[in-house]
Amino acid sequence: MEAAQPSALFFDAHNEEGARLRRQAAIRAIEDMLKWFSEEDGVVGILDATNSTKQRRQWIQDLLVKQGIEPMFVESWCDDQELIMHNIMDVKTCSPDYTGQDPDEAAKDFMERIKKYEEVYETINDESLTYAKIINVNSQVIINRIQSYVQSRIVYYLMNLHIKRRCIYLSRHGESEFNLTGQLGGDSNLSPRGDLYAHKLPQLVKEAVGDQPLTVWTSTLKRTQQTARFLPYRQMQWKALDELDAGVCDGMTYEEIKQEYPEDFEARDANKFEYRYRGGESYRDVVARLEPIIMELERQENIMIVTHQAVLRCIYAYFMNVPQDRSPWMDVPLHTLIRLEPRPYSTLETRVPANIPAVSTYREKGSTVLAAPTK
Amino acid sequence: MSSNLPDTFHDSDSDSDSNSNSHGSTKSSTYESGKDNVTGVTSTPPRKPIELTVSTVGVSGTPGSGTTFTVPISPSATSPASGRSASSPTVTNKPSFNDLSSGLGGISIASTAGSRVGGGTTGTGDSGNINRSKLDPVPSFTILPQKKTTRRNSDVDAIHRSLPKSHVSPAQLYSTDSGHLYHAGKLCIVLVGLPARGKTHHAVALTRYLRWLGVKTHAFHLGDYRRKLTPKDFRVPDDYFMPNASKETKAFRQKVEAACLADMFKFYDEENGQVVIYDAVNGTSAKRRALAKTMTDRNVGVLFVECFFTDKNLVARNVRDVKISSPDYQGMDPDEAVKHYLRRIELRIPDYETMTETELTYVKLVNVSERFIINYGERHLGYLFNRIIFFLMNSRIKVGSVFFARAGSGNASNEEDDYKSDGHLSGKGEEYAEKLKETLWAHIDERRLKLAQISAPDLALDKKLQRQARVAHEVLRSSMSSGTGTDFMENISPPVTSGTSTPNSSADARAISTIRADALNFQDKSNVTVWCSTRLRTVQTAERFAQEGNKTIQRSLLNQLNPGVAGGLTEAGLKEEFPYEYLRHQQDPYHHRYPRAESYQDVAVRLESLILEMERTQGDLLIICHETVLRVLYGYLMACSVEDIPFLRFPRNEIVEIVPNAYINQGNRITIPNVDP
């Protein structure tokens, strides 16, 4: 590459050398995308660039239509200066363009870069194009010529997004009576150690969240509500956060399941994501019912979720992009606060153990024995 | 009633004192639902690559304004589903799984174990505690005489029926104690727009979709109230729609509006309704602000949906299709009639104001679906709001029917229903495929001919059609009064028309026969799109149409309900091998699933994206797939209950047609001659 960390001058429309390089970068990005469509059976390609002139957009439109690809433009339009500055500090200064640079210097350079763009910027108003224009981060949205279900689905998703900085806190309920006996499901109370966790949780959360506002979501089962009961924040119970329903195996231990339903036990290990308990649910079922939760999570700011192992795995997998053959096997220990911070390029994760001992509920493939307890 | 009012109500500036209309209703208990049957989608691996819409999203914007949206992919989308294989013992020569479930008509089994949906646990909610009990391993049961499930029950679109207290929707993922979903609170969707803009279409379509999801929704059409409250010997005053109407007229207007609002509040307060859809003109800013305040004061969120047109031709088409079927225009040249009608609207509603109130939450639909302008007001309405927009992006004012048909038969006698086998069409099956095509083509030709007659200036009416329409109207009327819940608008005759127009009953007969007049330009054999599942017999049945040049698409989502261990077993075999599951199935054939099987509810949930595509599709759509899937799709279009869906019949010798209609969908069965049922 010509310049891994280009300065603002690179983005000056009057800089011929810059313009040439930028055009070249655009061509390369599109070439890569087309290659991905044809060689890797891509379905939806996302071209993340400024595309700020009519001419550039028309060029993209023509090029893609020729390849049998439906172009759809998403414009994020903002004239709220405060929002812009906030976004620069938050998002842009951690972009690869500025890795290792002083944030203030980076922000300054970035403002310069914006000025260069503004000189030539043309908002989308060509009514023959398919586009979604999001104005001042979802205070208004204009949607034009949606051509297919997939496009409507994309717009629907975008409408739930915001770019404010926020964190999502995840915790399992404290150790329950069923955890002690190794039984699945049920609606048991917390164990004494689980109750200790409930008492300690407000302090853990306070240390992680500080003075920021927070909303706590629990399931409708007793153990999550008992765990959250000392948290001094607004609380909501969601049916959709209830634990994966183990159907006929609800209340049984893994050992009992293996004895009573050996075929099921094996089938589950063979494909844990798809396996559905008799009269109960699979991980896939849980993912489907979590759709409103995920959308609401995208829309909201700081949220803490106190829920159950399987549900937490699914939510975690969504934010951390864990593939579905792995997500049902992730180890999510009891008595640990997980902090996820979605950033533009990846999600940052921090785990805060409460240092309260608990049994392990983690089971390896093929085994009926649970792993060693945490301390 | 002599007037041929447009379906409009120029909203008076009245506030609503709600005492003029109270139907005798009983104070109802809170919404009781059965078990929170949380369940999801299963997927079977696609046999062939299905059509994929390939899109790319160009992201543009000023840097710093949030250009970078990372789009995480949900786990369900990251890797293809590896299908769950049915570990079914194969027993040959047995009747089918379908016959099993539909053959249960004679008995129903009441169980003492658990509540209705899915059984097992008591209903619980987004708020409140749960008592999660294990399934009772040995349920006690008694055999009760089954209430007869007649065809008529589901042959009429039930979208205007009140919901029974115990209502559970076909695609409902879970129920709550409060009876409300998504923590969205109560919501009022207020339609805004001049006549002939498709308000009623959107009101009814949204009701259908939200009810399907499990959101307790009811549409209130102000025009219905105007008609009901107009005394028999009384003509709606000429100045009814004028802003400066006479005192008496204003009083009458207020009375109509108050009656409608009273029913809306009754739905919230007594029926525990979550979403009210208010179908009226609401054409002034003052009116809308007052309404928003009334609702906000009652802690109801308000979303305005404005139907706005910049394309005069589209309005004219709408008027031509829908409005000029009224007796006023009999014998008049259609173009003249359209002009006359439009002039009438302009005269009557001179002060219509399009929405610009930034403090209100609204979505403006420009030219139906060409363009959406969404304004987020002071209160964001959350997930449910976005879901509504999502639906509106796919909703079209439909032109063209949906036809349902079965695939031809295969060679083995039980092959039809053996989930695992996937054989070719037999000779008989090939014959069937040909007859299916011929029958459909004949039907479309006939329809074209009739429409041509009706649209002719002299409007020569087909006597038979007129009679059919009357019968349909009677059926509809009786079905509305026999609803199990509280009936709003008792004894009112619903308009039976092709669109927003709400002519009086004398005009109903003709209205029904003029359904989709612009079908003339639109509906031709070549405009029939065919969807089929990826099963071989279905694909081969659809091939006949592909050969004629019709767009034919294979979709794995249309594959039949996975019968799991029940696949290939007879009723007796099932009873013997899975006595417990067998009983459970009879208690709740909609929600119960045999081991490794899908339930109807699973199918309903997995069909969500197809249902939205079905809403999008213009022109005729022929869907060829397994009876289990036809039941669910039909259940959506006709608002069938979960009790009825598993028993719907789609004999092979019939094509089932659903004629879309803004107010109510029409079911219609076309016999395929010389084919066994």
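Note that the structure is predicted; figures quoted are calculated from it, not measured.

Visitor: Which parts of the structure should I look at to understand the pairing of strand β10 (residues 347-353) of chain A?
Guide: Regular strands have side chains that alternate between both faces of the sheet. Residues and elements named next belong to chain A. Here 7 bridges tie strand β9 (residues 336-342) to β10, and the two strands are oriented antiparallel to one another. Each residue of the ladder has a partner; that of Ile338, found in β10, is Arg351. Hairpin connection, β9 to β10: the antiparallel pair is bridged by 4 residues.

Visitor: Where do I start with the pairing of strand β11 (residues 529-532) of chain B in this structure?
Guide: All names here are of chain B. Where burial is concerned, the two faces of β11 agree: the one with Thr529 and Trp531 and the one with Val530 and Cys532 are both buried. Relative to strand β12 (residues 552-554), β11 runs parallel, the two being bridged by 3 bridges. Looking across to β12, one finds that Trp531 is bridged to Ile553. For the crossover from β11 across helix α15 (residues 536-547) to β12, the handedness is right-handed.

Visitor: What's the story with the sheet that holds β9(A) in this structure? I'm lost.
Guide: Sheets are built from strands that pair by backbone hydrogen bonding, the pairs being arranged parallel or antiparallel. All names here are of chain A. One open sheet holds the 6 strands; their spatial order is β7-β6-β8-β5-β9-β10, and the pairing between them is mixed. The open sheet terminates on both sides in strands that have one partner only, identified here as β7 (234-237) and β10. In this sheet, neighbouring strand axes are inclined to one another by 20° on average, regardless of whether the strands run parallel or antiparallel. Here strand β5 (residues 168-172) runs beside strand β8 (residues 303-307); their pairing, made up of 5 bridges, is parallel. The residue of β8 that forms the bridge with Leu170 is Ile305. Running over the sheet, helix α7 (residues 192-209) touches β5, β8, β9 and β10 and is turned about 30° from β9. Running over the sheet, helix α12 (residues 291-299) touches β5, β6 (215-218) and β8 and is turned about 170° from β6.

Visitor: I keep staring at the UniProt feature "binding site: substrate" (unreviewed entry) in chain A and nothing clicks. Help me out?
Guide: Residue and element names in this part refer to chain A. The positions that UniProt labels "binding site: substrate" (unreviewed entry) are, in the present scheme, Arg172, His173, Gly174, Glu175, Ser176, Glu177, Phe178, Asn179 and Arg223. Taken along the chain, the residues just named run across 52 residues; in space they keep tight, none of their C-alpha pairs more than 14.1 Å apart. Among the residues just listed, Arg172, His173, Ser176, Phe178, Asn179 and Arg223 line the largest cavity. Position of Arg172 among the secondary structure elements: in strand β5. Reaching out from Arg172, the side chain makes a polar contact with the side chain of Gln309 at a distance of 3.1 Å. Within the element layout of this structure, Asn179 appears in helix α6 (residues 177-181).

Visitor: Please clarify how α7(A) should be interpreted in this entry.
Guide: Owing to its 3.6 residues per turn, the α-helix brings residues three or four apart onto one side. Residue and element names in this part refer to chain A. Here α7 contains 18 residues, and its C-alpha end-to-end distance of 26 Å stays within 8% of the 26 Å for a straight helix at 1.5 Å per residue. At Lys200, α7 shows its largest bend, some 40°, and a proline, Pro202, comes one to four positions later. Restricting attention to buried positions, one finds in α7 the residues Gly194, Tyr197, Ala198, Leu201, Pro202, Leu204, Val205 and Val209. Those residues of α7 hidden inside the fold are in contact with β5, α8 (222-228), β8, β9 and β10.

Visitor: Before we go on, may I ask you to explain the sheet that holds strand β10 (residues 402-405) of chain B in this structure?
Guide: All names here are of chain B. Read from one edge to the other, the open sheet built from 6 strands follows the order β12-β11-β13-β10-β14-β15, with strand pairing classed as mixed. Every interior strand has two partners, whereas the edge strands, β12 and β15 (666-671), have only one. Strand-to-strand twist of the sheet, defined as the mean angle between neighbouring strand axes without regard to direction, takes the value 20°. Bridge count between β10 and strand β14 (residues 654-659): 3 bridges; the pairing is antiparallel. Bridging across to β14, Val402 finds its partner in Ile658. Across the sheet, helix α20 (residues 627-637) touches β10, β13 (621-624) and β14, and the angle it forms with β10 is around 155°.

Visitor: Would you explain the packing of aromatic side chains in this entry?
Guide: Each aromatic ring pair is characterised by the separation of its centres together with the angle its planes make. Residues and elements named next belong to chain B. Counted by the stated rule, this structure contains 17 aromatic pairs over all chains. With centroids separated by 4.6 Å and ring planes inclined at 15°, the aromatic side chains of Tyr209 and Phe391 adopt a geometry described as stacked. Residue Tyr209 is located in helix α4 (residues 199-213), and its partner Phe391 is located in helix α10 (residues 382-394); the two are separated by 182 residues in the primary sequence. Residue classification places Tyr209 among the buried positions, given a relative accessible area of 1%. Overall, Phe391 belongs to the buried group, its relative accessible area being 0%.

Visitor: It is not clear to me how the nonpolar core should be interpreted in this structure. Could you clarify?
Guide: Nonpolar side chains tend to gather and get buried jointly when the protein is soluble and globular. Ile143(A), Ile189(B), Phe404(B) and Ile623(B) are the most contacted members of the largest nonpolar core, which totals 131 residues. If you look at the next biggest cluster of nonpolar residues, it comprises 40 residues, including Tyr240(B), Val302(B), Val338(B) and Tyr341(B).

Visitor: Help me understand a nonpolar patch on the surface in this model?
Guide: A grouping of Met85(A), Met89(A) and Met111(A) is seen on the molecular surface, where their side chains present a nonpolar patch of about 220 Å² in accessible area. Looking at the secondary structure, you find Met89(A) in helix α3 (residues 81-90).

Visitor: Got a minute to help me understand unusual backbone geometry in this structure?
Guide: Glycine aside, the phi torsion of most residues is negative, and most peptide linkages are trans. Residue and element names in this part refer to chain A. Phi at Asp41 is positive, roughly 50°, even though this residue is not glycine. Inspection of the secondary structure assignment puts Asp41 in the loop between α1 (16-39) and β1 (44-48). Since its relative accessible area comes to 61%, Asp41 is described here as exposed. The phi angle at His335 is positive, at roughly 55°, despite the residue not being glycine. Given the relative accessible area of 2%, His335 is considered buried.

Visitor: I keep staring at the pattern of salt bridges and nothing clicks. Help me out?
Guide: Counted according to the given criterion, the structure contains 50 salt bridges over all chains. Across the pair Glu274(A) and Arg284(A) runs a salt bridge whose closest N-O atoms are separated by 2.7 Å. Here Arg284(A) lies in helix α11 (residues 283-289) and Glu274(A) lies in the loop between α10 (262-270) and α11, a separation of 10 residues in the sequence. For Arg284(A), a relative accessible area of 8% translates into the label buried. In this structure, a network of salt bridges that share partners links the residues Glu430(B), Glu434(B), Lys437(B), Arg544(B) and Glu548(B).

Visitor: Even after reading the chapter, I still don't get the environment of Gly427(B), so can you show me in this structure?
Guide: Relative to the assigned elements, Gly427(B) resides in helix α11 (residues 427-455). Residues Gly427(B) and Gly408(B), spaced 19 residues apart in sequence, show a C-alpha to C-alpha distance of 9.3 Å.

Visitor: Where do I start with the packing of helix α6 (residues 247-269) of chain B against helix α7 (residues 285-297) of chain B in this structure?
Guide: When two helices pack together, their arrangement is given by the angle between their axes and by how far apart the axes lie. All names here are of chain B. The contact between α6 and α7 brings their axes to 13 Å, and the two run at 30°. As the angle between them shows, α6 and α7 are arranged roughly parallel. Helix-helix and strand crossings are classified by hand; for α6 and α7 the assignment is right-handed. Residues Glu257, Leu261, Met264, Phe265 and Tyr268 of α6 form the contact with α7, whose own contacting residues are Lys287, Leu291, Thr294 and Met295. The residue makeup of the contact of α6 with α7, split by class, is 6 nonpolar, 1 polar and 2 charged.

Visitor: Would you mind going over empty space enclosed by the protein with me for this structure?
Guide: Here the idea is plain: a probe the size of a water molecule rolls over the atoms and shows the empty space left. Residues and elements named next belong to chain A. Following the criterion strictly, the structure yields 11 cavities of 30 Å³ or more and no others. Lining of the largest cavity is provided by 27 residues; of these, Leu184, Gly185, Glu243, Tyr254 and Gln309 occupy positions nearest its centre. Contributing elements (two or more residues each) for the lining of the largest cavity: α6 and α13 (309-320). Here the residues of the lining of the largest cavity are counted per class, giving 10 nonpolar, 10 polar and 7 charged.

Visitor: Help me understand helix α17 (residues 579-587) of chain B in this model?
Guide: Burial analysis of α17(B) places 7 of its 9 residues in the buried class, the great majority of the element. Buried residues of α17(B): Tyr580(B), Glu581(B), Tyr582(B), Leu583(B), Arg584(B), His585(B) and Gln586(B), and no others.

Visitor: Help me understand the environment of Glu577(B), please; the structure alone is not making it clear to me.
Guide: All names here are of chain B. Checked against the element boundaries, Glu577 lands in helix α16 (residues 571-577). Residue classification places Glu577 among the partly exposed positions, given a relative accessible area of 43%. As a C-alpha pair, Glu577 and Val565 span 12 residues in sequence and 9.8 Å in three-dimensional space.

Visitor: What exactly am I supposed to notice about the confidence of the model for chain B here?
Guide: Interpretation of this model should avoid reading the predicted coordinates in detail wherever pLDDT is low. Looking at chain B, pLDDT values average 71 and 62% of them are 70 or higher. Low pLDDT, under 50, characterises residues 456-469 of chain B; the predicted model gives this stretch 22 contacts beyond four residues in sequence or across chains.

How each quantity is defined
- Residues numbered from 1 in each chain as written.
- Chains lettered and ligands numbered in written order.
- Predicted model: local features only at pLDDT ≥ 70, side-chain atom pairs only at ≥ 80, totals over all residues.
- Heavy atoms only, no water.
- Pairing = 2+ DSSP bridges.
- Helix = DSSP H or I, 4+ residues; strand = E, 2+ residues; numbered from the N terminus.
- Buried < 20%, exposed > 50% of the residue type's maximum accessible area, 1.4 Å probe, protein only.
- Right-handed = clockwise from strand over helix to strand, strands pointing away.
- Axes fitted to C-alpha atoms, helices over the stretch in contact; angles between N-to-C directions.
- Contact = heavy atoms within 4.5 Å.
- UniProt positions renumbered as here; feature names shortened; annotations may be inferred.
- 1 Å grid on protein atoms, 1.4 Å probe; cavity = no way out; pocket = protein on both sides within 12 Å on 5 of 7 lines; lining within 4 Å.
- Polar contact = N/O pair within 3.5 Å; in protein donor to acceptor, adjacent residues only side chain to side chain.
- Expected span 1.5 Å × (residues − 1).
- Bend = angle between axes of the 7 residues up to and from the residue.
- Phe/Tyr/Trp six-rings, centres within 6.5 Å; stacked < 30°, edge-to-face > 60°.
- Core = buried A, V, L, I, M, F, W, Y, C linked by side-chain atoms within 4.5 Å.
- Patch = residues over 30% accessible without salt bridge, like charges linked within 9 Å, V, L, I, M, F, W, Y side chains within 5 Å.
- Areas by Shrake-Rupley, 256 points an atom, 1.4 Å probe, with all protein chains shown as cover.
- Salt bridge = Lys/Arg side-chain N within 4 Å of Asp/Glu carboxyl O.
- Parallel < 35°, antiparallel > 145°, perpendicular 65-115°, else oblique.
- Left-handed = near helix turned anticlockwise from the far one by under 90°.
- Nonpolar A, V, L, I, M, F, W, Y, C, P; charged D, E, K, R; others polar.
- Points joined across faces, edges and corners; volume = space filled by probe spheres on them.
- pLDDT = per-residue confidence, 0-100.

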